[in-house]
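# Structure assessment
Okay, here's what each chain looks like letter by letter:
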Amino acid sequence: MGKIIAIVNQKGGVGKTTTAVNLVAALGAAGKRVLLVDIDPQGNSTSGYGIAKRDLPASSYELLIGRANVRDAICKTRFAGVDLIPATMELAGAEIELIDLPQREQQLKRALAFVREEYDFIFIDCPPSLGLITVNALNASDTVFVPIQCEYYAMEGLSQLMTTVRQVKRLYNPTLEIEGVLLTMYDGRLNLTQQVVAEIKRFFAAKLYSTVIPRTVRLSEAPSFGMPIQYYDGRSKGSDAYNDLAKEFLKKNRR
């Protein structure tokens, strides 16, 4: 049975989607069958894989509100081992539509159950908020993967997220756990970076990945070409970092 991991941080601009796109690509290149579910209305994971958002037969929006079969929403990508459920701007209105649905927090979990056996891992790229769409992702997932930018407000946002995770665990998903915490946009020359790292280690020592993601131009450029970094520039520092993260992730997930 495939493991489902929600990539979550309610703060925008922390490298959440960059991590979703590039970690999934690295796992696919390592021979794993991976599904990436884009439930962020901005649809950046969808764009990052070069999937055109026009004329899609279905998207995560239809999936969440129960208008589409999960298999109709899955797109094959041109990258090894990776399938994608795309997002469109219609998803921005899903929060309102979900309110009137019975068991509204279970919609995504029920949909993914039909394809869970077909993948080694299913990653969910969540929106930068802690609303009903993100609650759906947390309810559907086995674990939570948290990218954190090395900056002053990182711990404040992490505290809010942990409160939401505990609430979802208590109300809906008692087996939900933290997969890991990843430091992104890392610059070891800055004193602030070292302070943030020390603080995160104090709270999440056992869950903090030893791999860190550097701040690089190539990582920023790759999405505009519709490619994960490994295919855009396989020799870059960003590619090396996400390949190392995939190895560390797989080592922790040997089953």
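Anyway, here's the lowdown on the structure attached to this text. Every value quoted in this text rests on a predicted model; they were computed, and no experiment measured them. (Residues numbered from 1 in each chain as written. Predicted model: local features only at pLDDT ≥ 70, side-chain atom pairs only at ≥ 80, totals over all residues. Heavy atoms only, no water.)

Relative to each other, helix 1 (residues 16-29) and helix 12 (residues 237-252) sit at 70 degrees, their axes nearing to 9 Å. Taken together, the axis directions place helix 1 and helix 12 in an arrangement best described as roughly perpendicular. Handedness of the crossing formed by helix 1 with helix 12: right-handed. Here helix 1 contributes Thr 18, Thr 19, Asn 22, Leu 23, Ala 26 and Leu 27 to the contact with helix 12, which in turn contributes Tyr 242, Asn 243, Leu 245, Ala 246, Phe 249 and Leu 250. For the contact of helix 1 with helix 12, a count of residues per class yields eight nonpolar, four polar and no charged. (Axes fitted to C-alpha atoms, helices over the stretch in contact; angles between N-to-C directions. Helix = DSSP H or I, 4+ residues; strand = E, 2+ residues; numbered from the N terminus. Parallel < 35°, antiparallel > 145°, perpendicular 65-115°, else oblique. Left-handed = near helix turned anticlockwise from the far one by under 90°. Contact = heavy atoms within 4.5 Å. Nonpolar A, V, L, I, M, F, W, Y, C, P; charged D, E, K, R; others polar.)

The element strand 6 (residues 143-149) is largely enclosed, with a buried count of seven among its seven residues. Every second residue of strand 6 is oriented toward a common face, with Thr 143, Phe 145, Pro 147 and Gln 149 on one face and Val 144, Val 146 and Ile 148 on the other, all of them buried. Two strands pair when backbone bridges link them, and strand 1 (residues 3-7) and strand 6 are joined in this way by three bridges, in the parallel orientation. Within the sheet, the bridge partner assigned to Ala 6 lies in strand 6 and is Val 144. (Buried < 20%, exposed > 50% of the residue type's maximum accessible area, 1.4 Å probe, protein only. Pairing = 2+ DSSP bridges.)

What follows concerns the side chain of Ser 236. With respect to the helices, strands and loops of the structure, Ser 236 is situated in the loop between helix 11 (229-232) and helix 12. Judged by relative accessible area, Ser 236 falls into the buried class, the value being 8%. Separated by 3.2 Å, the side chain of Ser 236 and the backbone nitrogen of Ser 239 make a polar contact. For Ser 236, the contacting residues outside a window of four places in its chain are Arg 218 and Ile 229. (Polar contact = N/O pair within 3.5 Å; in protein donor to acceptor, adjacent residues only side chain to side chain.)

A few words now on the pattern of salt bridges. A full pass over the atoms with the stated rule returns 11 salt bridges. Here the salt bridges do not stand alone but share partners, grouping Lys 16, Asp 40 and Asp 125 into one network. (Salt bridge = Lys/Arg side-chain N within 4 Å of Asp/Glu carboxyl O.)

Don't take any of this as a statement about function, it's just geometry.
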